[in-house]
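Okay, here's what each chain looks like letter by letter:
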Amino acid sequence: DMKVTQMPRYLIKRMGENVLLECGQDMSHETMYWYRQDPGLGLQLIYISYDVDSNSEGDIPKGYRVSRKKREHFSLILDSAKTNQTSVYFCASSSGTGAGNTLYFGEGSRLIVV
Amino acid sequence: QQKVQQSPESLIVPEGGMASLNCTSSDRNVDYFWWYRQHSGKSPKMLMSIFSNGEKEEGRFTVHLNKASLHTSLHIRDSQPSDSALYLCAASDTNAYKVIFGKGTHLHVLP
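Being a predicted model, the structure only gives us computed values, none of them experimental.

Student: Quick rundown of a nonpolar patch on the surface? Include the residues and the values.
Tutor: Side chains of Ile12, Ile112 and Val114 of chain A sit close together on the surface and give an oily, nonpolar patch of about 280 Å² of accessible area. Looking at isoleucine 12 of chain A, the relative accessible area reads 60%, which means it is exposed.

Here it is as structure tokens:
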């Protein structure tokens, strides 16, 4: 079964607290992504991971870091969360570049920072 | 500047009507386009992909691609209320892992 799983699905944090969003996939995909989605802004790319310990900044990496120690698992970390990081975060995976780059998304993690 | 631009932002069509959505990339290196559909409160799911000039049809859905103008369009015939969703256009170039999305078109199909 091809599945991307995100945990937690919903999270409320106070400003300044640390946040850990976790993502797993069962398709042995090398490439994984973190996006955030805000109303009117579409999906914005935060980080890409090409494989274990091989990560690259996306378009909006400031305030975020990632960790990938196993191929099937990719974490997004917010150190000292800010209110403007309130958003829905989507993890995705894909099998390759070019024509093989269809993304498979998790169900999203809704983060509210108060 | 948004590298993938979609229009219109919002579209209302009657049930049974035709919906036409547009997407253009400003990045000349783009070679591949996808259309994703996202129902409210759900995650995006790939609807159709197109990588060559021309047209591709799958059921009620047709996509067109003009590589010279980097323009793709999605047409939904006999639109159903269940087609009401956010439609996202995505683009990538040949050797890149990076996939960039447009802001989307909100489609509302009225019964």
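Back to the text.
Student: I'd like a description of the nonpolar core, backed by residues and values.
Tutor: All names here are of chain B. Membership of the largest hydrophobic core comes to 25 residues, with the highest contact counts inside it found for Phe33, Leu74, Tyr87 and Leu107. Considering every element that reaches this core, the biggest residue donor is strand β9 (residues 85-93), with 4 residues. Once residues within four sequence positions are removed from consideration, tyrosine 87 is found in contact with Gln6, Leu21, Tyr36, Arg37, Leu47, Leu74, Ile76, Gly104, Thr105 and Leu107.

Student: Go over the interface of chain A and chain B with me, naming the residues and quoting the values.
Tutor: Each side of the interface is counted separately: chain A has 22 residues, and chain B has 24 residues. At the boundary of chain A with chain B, the tally comes to 2 salt bridges. The partner of glutamate 107 of chain A in a salt bridge is lysine 45 of chain B, with the nearest N and O atoms 3.7 Å apart. Here chain A and chain B share 9 residue pairs in polar contact (both at pLDDT 80 or more) between them. Considering each element in turn, the side of chain A that touches chain B owes the most residues, 5 residues, to strand β5 (residues 42-51) of chain A. Looking at side-chain class alone, the side of chain A that touches chain B contains 11 nonpolar, 9 polar and 2 charged residues.

Student: How would you summarise the side chain of glutamine 6 of chain B if you had to cite specific residues and measurements?
Tutor: Residue and element names in this part refer to chain B. Inspection of the secondary structure assignment puts glutamine 6 in strand β1 (residues 4-7). Overall, glutamine 6 belongs to the buried group, its relative accessible area being 13%. Separated by 3.0 Å, the side chain of glutamine 6 and the backbone nitrogen of glycine 104 make a polar contact. Not counting chain neighbours up to four residues away, the residues in contact with glutamine 6 comprise Asn22, Cys23, Trp35, Tyr87, Leu88, Cys89, Gly102, Lys103, Gly104 and Thr105.

Student: Just give me the short version of the packing of aromatic side chains, but keep the residues and values in it.
Tutor: Counting across every chain of the model gives 13 aromatic pairs over all chains. Geometrically, the ring pair formed by phenylalanine 105 of chain A and phenylalanine 101 of chain B is edge-to-face, given 6.0 Å between the ring centres and 70° between the ring planes. Of the two residues, phenylalanine 105 of chain A is situated in strand β10 (residues 104-105) and phenylalanine 101 of chain B in strand β10 (residues 100-101); the pairing between them involves two chains. Residue classification places phenylalanine 105 of chain A among the buried residues on the basis of a relative accessible area of 9%. Since its relative accessible area comes to 1%, phenylalanine 101 of chain B is described here as buried. An aromatic cluster is defined as three or more aromatic residues linked by ring pairs; in this entry it consists of Tyr33, Tyr35, Phe90 and Phe105 of chain A together with Tyr36 and Phe101 of chain B.

About the criteria used
Along each chain, residue indices are assigned from 1 in the same order as the chain's sequence is written. Labels follow written order: the first chain is A, the first ligand is 1, and so on. At least 70 in pLDDT is required for a residue's local features to be given in this predicted model, at least 80 for side-chain atom pairs to be given and counted, and no such filter applies to totals for whole chains, interfaces and linings, which use all residues. Side-chain descriptors were evaluated using all non-hydrogen atoms of the structure, hydrogens and water having been removed beforehand. Within the patch definition used here, like charges are joined within 9 Å and nonpolar side chains (Val, Leu, Ile, Met, Phe, Trp, Tyr) within 5 Å, considering only residues with over 30% relative accessible area and no salt bridge. Using the Shrake-Rupley algorithm and a 1.4 Å probe, accessible areas are obtained, with residue cover drawn only from the displayed protein chains. Salt bridge criterion: a side-chain nitrogen from Lys or Arg within 4 Å of a carboxyl oxygen from Asp or Glu. Each residue is placed in one exposure class: buried if its accessible area under a 1.4 Å probe, protein chains only, is under 20% of its type's maximum, exposed if it is over 50%, and partly exposed if it falls in between. By nonpolar core is meant a set of buried Ala, Val, Leu, Ile, Met, Phe, Trp, Tyr and Cys residues that side-chain atoms within 4.5 Å join together. Note on conventions: DSSP H or I runs of at least 4 residues are helices, E runs of at least 2 residues are strands, and numbering of each starts at the N terminus. Contacts are assigned to residue pairs that have any heavy atoms within 4.5 Å of one another. For this analysis, a polar contact is any N or O atom pair within 3.5 Å, provided that within protein one partner can donate a hydrogen and the other can accept it, and provided that sequence-adjacent residues contribute only side-chain to side-chain pairs. Residue type decides the class: Asp, Glu, Lys and Arg count as charged, Ala, Val, Leu, Ile, Met, Phe, Trp, Tyr, Cys and Pro as nonpolar, and the leftover types, Gly among them, as polar. Ring pairs shown here join Phe, Tyr and Trp side chains whose ring centres sit within 6.5 Å, with only the six-membered ring taken for Trp; geometry is labelled stacked below 30 degrees between planes, edge-to-face above 60, and tilted in between.

All quantities given are derived from atomic positions and should not be read as evidence of function.
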